Amino acid sequence: GSTDGTLDVVNSFSEECSSEEKKKVPVRCLSMPTNQGKGAAFAAGIKQIAGECCEKGKNLTLILTQDADGSGDLMYLECMIDRMKDLLTVPVELEEEGNENDDDGAEMEPSMSSLVDWTKPAIVTGNRNYNPFSPRGITRWGFQTAVRLIMNDLRVSDSQCGYKLMTLAAAKDL
């Protein structure tokens, strides 16, 4: 439903990618029949991805959203993935082979390790970079301050940023 040319830009980008690149990171743009707003567009896209992933048994999918204005920089994607791993890392007790006593007969502590549970819901929000003293930067600071005062500290630096990385489980909860 958008008339800003986003569909053409995404489709041309997808056409430039090799088939090998498309297999690694599929890029596709869905178009709504009428413009129903950003929230409806995200909901339709997430529903489409969730349906496809469930059919293929791919519950470990990550979804990256980004506004068409390019306000989120892909150079931060690796940092966002690292932060996502931190959020999803869970301790795991390793099973010891053999007996549970050491050479002196004393009971040994179980060994601990960790793993990343990609099936849990988690969202990492990016951050737009613009001059904090510009009109947009000042408005952003005011909005964020009001949200912090009303909602306490949510530890989200830019709640309105369209640059988000989420697990499929989190996307389904939205």
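Remember, predicted model here, so these are calculated numbers, not experimental data.

*Asks:* Explain the sheet that holds strand β4 (residues 123–125) to me, please; I cannot follow it from the model alone.
*Replies:* Whether parallel or antiparallel, the strands of a sheet pair through hydrogen bonds between backbone atoms. Read across the sheet, three strands follow the order β1-β5-β4 without closing on themselves; strand pairing throughout is antiparallel. With one partner strand each, in any of the chains shown, β1 (62–65) and β4 form the two edges of the open sheet. Ignoring which end each strand starts from, the neighbouring axes of this sheet average 10° apart. One ladder, built from three bridges, connects β4 with strand β5 (residues 164–167); its direction is antiparallel.

*Asks:* What is the right way to read the nonpolar core from this model?
*Replies:* For soluble globular proteins, the rule of thumb is that nonpolar side chains tend to be buried together. Within the largest apolar cluster, nine residues are counted, these being M80, M84, L88, W118, A122, V124, C161, Y163 and L165. It is helix α4 (residues 77–88) that provides the largest number of residues to this core, a total of three residues. If near-sequence neighbours (up to four positions away) are discounted, L88 is found in contact with L115, V116, D117, W118, K120, P121, A122 and T167. If you look at the next biggest cluster of nonpolar residues, it comprises eight residues, including A50, M166, L168 and A171.

Cut-off values and rules
- Residues numbered from 1 in each chain as written.
- Predicted model: local features only at pLDDT ≥ 70, side-chain atom pairs only at ≥ 80, totals over all residues.
- Heavy atoms only, no water.
- Pairing = 2+ DSSP bridges.
- Helix = DSSP H or I, 4+ residues; strand = E, 2+ residues; numbered from the N terminus.
- Axes fitted to C-alpha atoms, helices over the stretch in contact; angles between N-to-C directions.
- Core = buried A, V, L, I, M, F, W, Y, C linked by side-chain atoms within 4.5 Å.
- Buried < 20%, exposed > 50% of the residue type's maximum accessible area, 1.4 Å probe, protein only.
- Contact = heavy atoms within 4.5 Å.

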